Amino acid sequence: MGAPTVLIEKLIAGNECVTAVKTVEKLSRRKIVAIMSAEIGGMNAVEPLAVGAELGLPIVDCDGMGRAFPELQMICPFIYGCQYCPATLVDEKGTIVAVLDCKSPKHLEDLYRSCIVNMGCLGGVAMNPLTKDEVLEKTCLFSISRAWTIGHIVSKACLNNSRPSTALQNDLGAIILIEGKVIDVQRETTGGFAQGKVIIGGLGKYANQLIETDFQNENLVVKRYKMMEESLAVPNPQGVSEPRKSTSNEEGMFEAPEDVLASVPDLIVIVGSDNGEAVVTEELRYGLRVTVIVLPAHPLNCTDEALKIVGPQAFGYQINYRPHGTYTATQSMCPC
């Protein structure tokens, strides 16, 4: 838990999540028999593998979001009523913040977010164990297999000298929003999050387009300029569309929701145009050649109940969610 930008400079002890799991087991008085990820994104996707190896426990091929979201109340089992306490937060110094009961997952998030700021914006979290039925009914199944499948598609495309974004489009129903160059990044670490926006000018067939992506640890919304005319964008000598004047939303450059191309809970991904590797928010910088794609959200994130927690309005955007494509379930890569 914390801000991913901190990992660029701050080392972890490596036992934060292990200590958190052991503490939850002690407080809940329930034997933990397997480990799963809260989200299948970034470091949190692979941390359970290390924890499972350390504790000698198997890893369940599922996660709590089917993607990554920045806050704890956005974990699917908690959206659908599963118990979230006891919960533990552990930093690299071994400090443990345990919560035995709490009014709501949002209150737990707010409490731990204030703690994580004082811990240096990085810590390990574990929460009340789920039952077998809760895992089967209220988590995103086979998400580790899905991550492996995406990586396999990208690797295969690179080996065949084809564009990874096109392969994802063909095999997973990804929608390509733009291919271009990063022309501006505004980013800060505040309130325990990495927040900001990135502006991308189109190249090739997207040369007259200019988009802005807002992020809070994860990409939230993609907006397009109202007009791609000379009044708003002009190709530079390299053929990249750049803003002729300020791109500030306060100056009325965008008119939501008509100019919103995509939003959470759909998965907005920025990848390298050549290698298809994900470019996370903390690695965005001027000049990168990138492609912005959208993958359909997991069905558990698309119900009316879930959209109140993970939809665009939950992040302060006064727009309605418009799904992109249909989610295709991934089969387990395990031989059993």
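Now for a look at the structure at hand.

Procedures and definitions
- Every chain is numbered on its own, with residues counted from 1 as its sequence reads.
- Selection of residues for local features in this predicted model requires a pLDDT of at least 70, selection of side-chain atom pairs for listing and counting requires 80 or more, and totals for whole chains, interfaces and linings are taken over all residues.
- With hydrogens and water set aside, each side-chain value is computed from the structure's full complement of heavy atoms.
- Runs of E in the DSSP output that reach at least two residues are strands. Runs of H or I that reach at least four are helices, and both are numbered from the N terminus.
- Two residues form a contact once any of their heavy atoms are found within 4.5 Å.
- For accessible areas, the Shrake-Rupley method is used with a probe of radius 1.4 Å. Any residue's cover is judged against the shown protein chains and nothing else.
- Being paired, for any two strands, means DSSP has found at least two bridges between them.
- All axes here are fitted lines through C-alpha atoms, helices being fitted over the stretch that makes contact, and every angle between N-to-C directions spans 0 to 180 degrees.

### A few points about the overall build of the protein chain
Working step 1: Counting its regular elements, the protein chain contains eight helices and 15 strands.
Working step 2: In the protein chain, the proportion of contacts linking residues at least 24 apart, taken out of those at least 6 apart, comes to 67%.
Working step 3: Taken as a whole, the protein chain presents about 16,100 Å² of accessible surface, with 52% of it coming from carbon and sulfur.

### Here's the deal with the sheet that holds strand E6 (residues 140-141)
Working step 1: Strand order in the open sheet formed by three strands is E1-E2-E6, with mixed pairing between adjacent strands. Edge positions in the sheet fall to strand E1 (35-37) and E6, since each has one partner strand and no second.
Working step 2: Summarising the sheet, E1 and strand E2 (residues 59-63) pair through two bridges and their orientation is parallel. If you follow serine 37 over to E2, its bridge partner there is aspartate 63.
Working step 3: Strand contacts of helix H2 (residues 43-55): E1 and E2, with the helix running at about 170° to E1, the strand carrying the most contacts.
Working step 4: Each of E2 and E6 is contacted by helix H6 (residues 143-159), which is oriented at about 80° to E2, the strand it contacts most.

### Side note on the sheet that holds strand E4 (residues 96-99)
Working step 1: Across the sheet, three strands lie side by side as E4-E3-E5; this open sheet has antiparallel pairing. Each edge of the open sheet is held by one strand with a lone partner, namely E4 and strand E5 (124-127). Each adjacent strand pair in this sheet contributes to an overall mean axis angle of 10°, direction not counted.
Working step 2: Where strand E3 (residues 87-90) lies against E4, four bridges are found, and the strand directions are antiparallel. Within E4, the position partnered with alanine 87 by the bridge is valine 99.
Working step 3: Each of E3, E4 and E5 touches helix H1 (residues 16-28); the most contacted strand, E5, lies at about 25° to it.

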